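A closer look at the structure
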Amino acid sequence: MKKSIEISPNIETLFGTRDENVRLLEDGLNINIDLRSDSIELEGAARDVSRAEQVFADYDHLQRSGHTFNNGDLGSMLRVLLADPKTSLRGLAEAGRQRSFGRRTVQPKSVNQRRYLEAIENHDMVFGIGPAGTGKTYLAVAMAISALLAKRVSRIILARPAVEAGERLGFLPGTLQDKIDPYLRPLYDALYDMLEPEKVDRYLEKSVIEIAPIAFMRGRTLNDSFVILDEAQNTTSEQMKMFVTRLGFNSKAVITGDVTQIDLPNAKRSGLLEAADVLKHVEGLTFAYFDDTDVVRHHLVQRIIRAYDEHKARVAEGETALLESKARANGKSNGAEAAPTDKNHAPSPEVETRDLETNE
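Just so you know, these numbers come straight off a predicted model, no measurement behind them. In every chain, residue numbers begin from 1 and rise along the written sequence. Predicted model: local features are reported for residues with pLDDT of at least 70 only, side-chain atom pairs are reported and counted for 80 or more only, and whole-chain, interface and lining totals are derived from all residues. Heavy atoms throughout the structure, all of them, feed into the side-chain values; hydrogens and water do not.

1. What about the overall build of the chain?
Selection criterion: Here a helix means four or more residues in a row that DSSP labels H or I, a strand means two or more in a row labelled E, and each is numbered from the N terminus. Each residue is assigned to one of three classes by its accessible area relative to the maximum for its type, calculated with a 1.4 Å probe on protein chains only: buried under 20%, partly exposed between the two thresholds, exposed over 50%. Any two residues having at least one pair of non-hydrogen atoms within 4.5 Å are treated as being in contact. Reported accessibility uses the Shrake-Rupley method at a 1.4 Å probe radius. Residues are deemed covered only where the shown protein chains occlude them.
Counting its secondary structure elements, the chain contains twelve helices and nine strands. Evaluated residue by residue, the chain yields a buried proportion of 41% over its 360 residues. Taking the intrachain contacts of the chain between residues at least 6 apart in sequence as the baseline, contacts between residues at least 24 apart amount to 72%. Looking at the chain as shown, the accessible area adds up to about 20,800 Å², and 49% of this sits on carbon and sulfur atoms.

2. Looking at the sheet that holds strand β4 (residues 125-129)
To keep it simple, the criterion reads: Should DSSP find at least two bridges between two strands, the strands are regarded as paired. To obtain an axis, a line is fitted to C-alpha atoms, over the contacting stretch when the element is a helix, and the angle between two such axes runs from 0 to 180 degrees between their N-to-C directions.
If you walk across this open sheet you meet the six strands as β6-β5-β7-β8-β4-β9, and the pairing is parallel. At either margin of the open sheet sits one strand with a lone partner, and together these are β6 (209-213) and β9 (285-289). Looking at each pair of strands side by side, their axes are set apart by 15 degrees on average, direction ignored.

3. Section: the packing of aromatic side chains
Heads up, the rule is: Note on aromatic pairs: the rings of Phe, Tyr and Trp (six-membered ring only in Trp) are paired at centre separations within 6.5 Å, and the planes decide the class, stacked below 30 degrees, edge-to-face beyond 60, tilted for the rest.
Counted by the stated rule, this structure contains four aromatic pairs. Seen from their ring centres, Phe287 and Tyr289 are 6.3 Å apart, and the 15 degrees between their planes marks the pair as stacked. Taking the relative accessible area as the measure of exposure, Phe287 reaches 17% and is therefore buried. According to the relative accessible area criterion, Tyr289 is partly exposed, its value standing at 47%.

4. Focus on the nonpolar core
As a reminder of what qualifies: What we call a nonpolar core is a set of buried Ala, Val, Leu, Ile, Met, Phe, Trp, Tyr and Cys residues that are connected through their side-chain atoms within 4.5 Å.
Within the largest apolar cluster, 36 residues are counted, with the highest numbers of intra-cluster contacts made by Tyr116, Leu158, Leu191, Ile209, Ile211, Phe226 and Ile228. Elements supplying a minimum of two residues to this core: α5 (111-122), α6 (136-149), β5 (155-160), α7 (176-194), α8 (197-205), β6 and β7 (225-229). By residue number, the principal contributor to this core is α6, which donates nine residues. With sequence-adjacent residues up to four places away left out, Phe226 is seen in contact with Ile120, Ala140, Met143, Ala144, Ala147, Val153, Arg155, Ile156, Ile157, Lys252 and Val254. One finds Phe15, Tyr59, Val80 and Leu81 within the second-largest nonpolar core, a separate group that totals 27 residues.

5. Considering a negative patch on the surface
What counts is decided by this rule: Excluding any residue in a salt bridge, patches collect residues exceeding 30% relative accessible area, merging like charges within 9 Å and nonpolar Val, Leu, Ile, Met, Phe, Trp and Tyr side chains within 5 Å. Salt-bridge detection follows one rule: a side-chain nitrogen of Lys or Arg within 4 Å of a carboxyl oxygen of Asp or Glu. His is not counted, nor are the chain ends; Lys and Arg add positive charge and Asp and Glu add negative charge. For charged residues, the charge sits on one atom: NZ in Lys, CZ in Arg, CG in Asp, CD in Glu.
A cluster of acidic residues, Glu196, Glu198, Asp201 and Glu205, forms a negative patch on the protein surface. By secondary structure assignment, the location of Glu205 is in helix α8.

6. A word on the sheet that holds strand β3 (residues 39-43)
Neighbouring strands of a sheet are bound in pairs by backbone hydrogen bonds; such pairs are parallel or else antiparallel. Read across the sheet, three strands follow the order β1-β3-β2 without closing on themselves; strand pairing throughout is antiparallel. Across the chains shown, the open sheet's two edge strands, defined by having one partner strand only, are β1 (2-6) and β2 (32-35). Along the sheet, successive strands turn relative to each other by an average axial angle of 20 degrees, direction set aside. With four bridges connecting them, β2 and β3 associate as antiparallel partners. Bridging across to β3, Leu35 finds its partner in Ile40. In the packing of helix α2 (residues 46-64) onto the sheet, the strands contacted are β1, β2 and β3, and the crossing angle to β3 comes to about 150 degrees.

7. A short note on a nonpolar patch on the surface
Taken together, the side chains of Val259, Ile262 and Leu273 make up a nonpolar region of the molecular surface, amounting to roughly 180 Å² of accessible area. Its location among the elements puts Leu273 in helix α10 (residues 271-278).

8. A few points about α6
To be explicit about the condition: Helix span, as expected, comes to 1.5 Å for every residue beyond the first.
In a regular helix each residue adds 1.5 Å, so 14 residues correspond to 20 Å; α6 covers 20 Å between its end C-alpha atoms and thus fits that length. Judged by how many residues are buried, α6 sits mostly within the fold: twelve of 14 residues are covered. Phi turns positive, to about 60 degrees, at Lys151, one or two residues after α6.

9. Comments concerning the packing of helix α1 (residues 20-29) against helix α3 (residues 73-83)
The condition that has to hold: Oblique is the label for every angle not falling under 35 degrees (roughly parallel), over 145 degrees (roughly antiparallel), or within 65 to 115 degrees (roughly perpendicular). Residues are grouped as follows: Ala, Val, Leu, Ile, Met, Phe, Trp, Tyr, Cys and Pro are nonpolar; Asp, Glu, Lys and Arg are charged; all remaining types, including Gly, are polar.
Contact pair α1 / α3: the axes reach a minimum separation of 10 Å and the direction vectors enclose 5 degrees. Overall, the two elements α1 and α3 adopt an arrangement that is roughly parallel. Residues Asn21, Leu24, Leu25, Gly28 and Leu29 of α1 touch α3, and the partners they reach there are Leu74, Gly75, Leu78, Arg79 and Leu82. A class-by-class count of the residues in the contact of α1 with α3 yields six nonpolar, three polar and one charged.

10. Considering unusual backbone geometry
The residue Asp19 is not glycine, and still its phi comes out positive at about 60 degrees. Along the polypeptide, Asp19 turns up in the loop between β1 and α1. Look at Ser207: it is not a glycine, yet its phi comes out positive at around 60 degrees. Using a relative accessible area of 43% as the deciding quantity, one classes Ser207 as partly exposed.

11. Examining the environment of Arg36
Here Arg36 shows up in the loop between β2 and β3. A residue is classified by how much of its surface remains accessible, and Arg36, at 44% relative accessible area, is partly exposed. On a C-alpha basis, the gap between Arg36 and Glu6 in space is 9.8 Å, while along the polypeptide they are 30 residues apart. The residues contacting Arg36, other than those within four sequence positions of it, are Ile7 and Glu41.

12. A closer look at the environment of Ala288
In this fold, Ala288 is placed in strand β9. Measuring from C-alpha to C-alpha, the distance between Ala288 and Gln113 comes to 8.7 Å, with 175 residues separating the pair along the chain. With sequence-adjacent residues up to four places away left out, Ala288 is seen in contact with Tyr116, Phe127, Gly128 and Ile129.

This is how it looks when you write it as structure tokens:
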């Protein structure tokens, strides 16, 4: 099917740097897009051409209504709508506009990120589980700031287990706050990225935003709060149970973690792994999972995560094969031991042959 659509003012900005967005649409929808002097020609299957036409119409509408796309947002939205046929460019842009994230505009850069944001909006407790760099913590902090600025909650509480990543730092100098701050720095970074530094400092001073190790949560009831537990893979079973039972009235909790980076000592079982098993059927909470395709850091990070996953799979296959070969060897040796050896019960020729083959 061929379709010709009229060129609207500034439509060329949709094409992106070196027409990267056009190539994205062509590859994702399996169509051809040709820019003529007075029109844009679309060619492909009827359904795919219709979707591409809707993208151009949505972009024109958003431009006329004064919407501006920040660096990389348009490409991210196009990837999301290509992966999910139920979404539209206009719907994604307007959903992002309804949320106030301080001085930042935050747009989901993958389908899983969009589902994660929707899960936080629709559930009182959400577990975000996935590899590093998928935006689990950053998006959770963004949603917490949005809820605070919209006065849906009166405070934000950010918690993290104080566990070193495979090394012991010993006793740190300074006050108690000075000692725990290095462990909580990623949460500070997200806050200062989205709000003015003066506002963050004021909120921290007035305890509107509270950042603390998970050990400080015991005995508290957290009402009218947005609570985030980061690096939850490093909680013990007892800590996780303690945290998820702190939730009070008019509160939300988001628990994030990467189950491939557990730093617990003495091979203790991660509280996050246990919670994923114990709470998976509990009504009112949900789990959002990410994979390497959701990584929004340097493109090398995605490849590194994939390489580690493939290595882990190969190691697991090797261990399984080794266990199976040992089991077969044990089965043969047990069969040989069970064969009678006295003169009155001489082994059959079959057993003798099998024993010879084993010895060889």
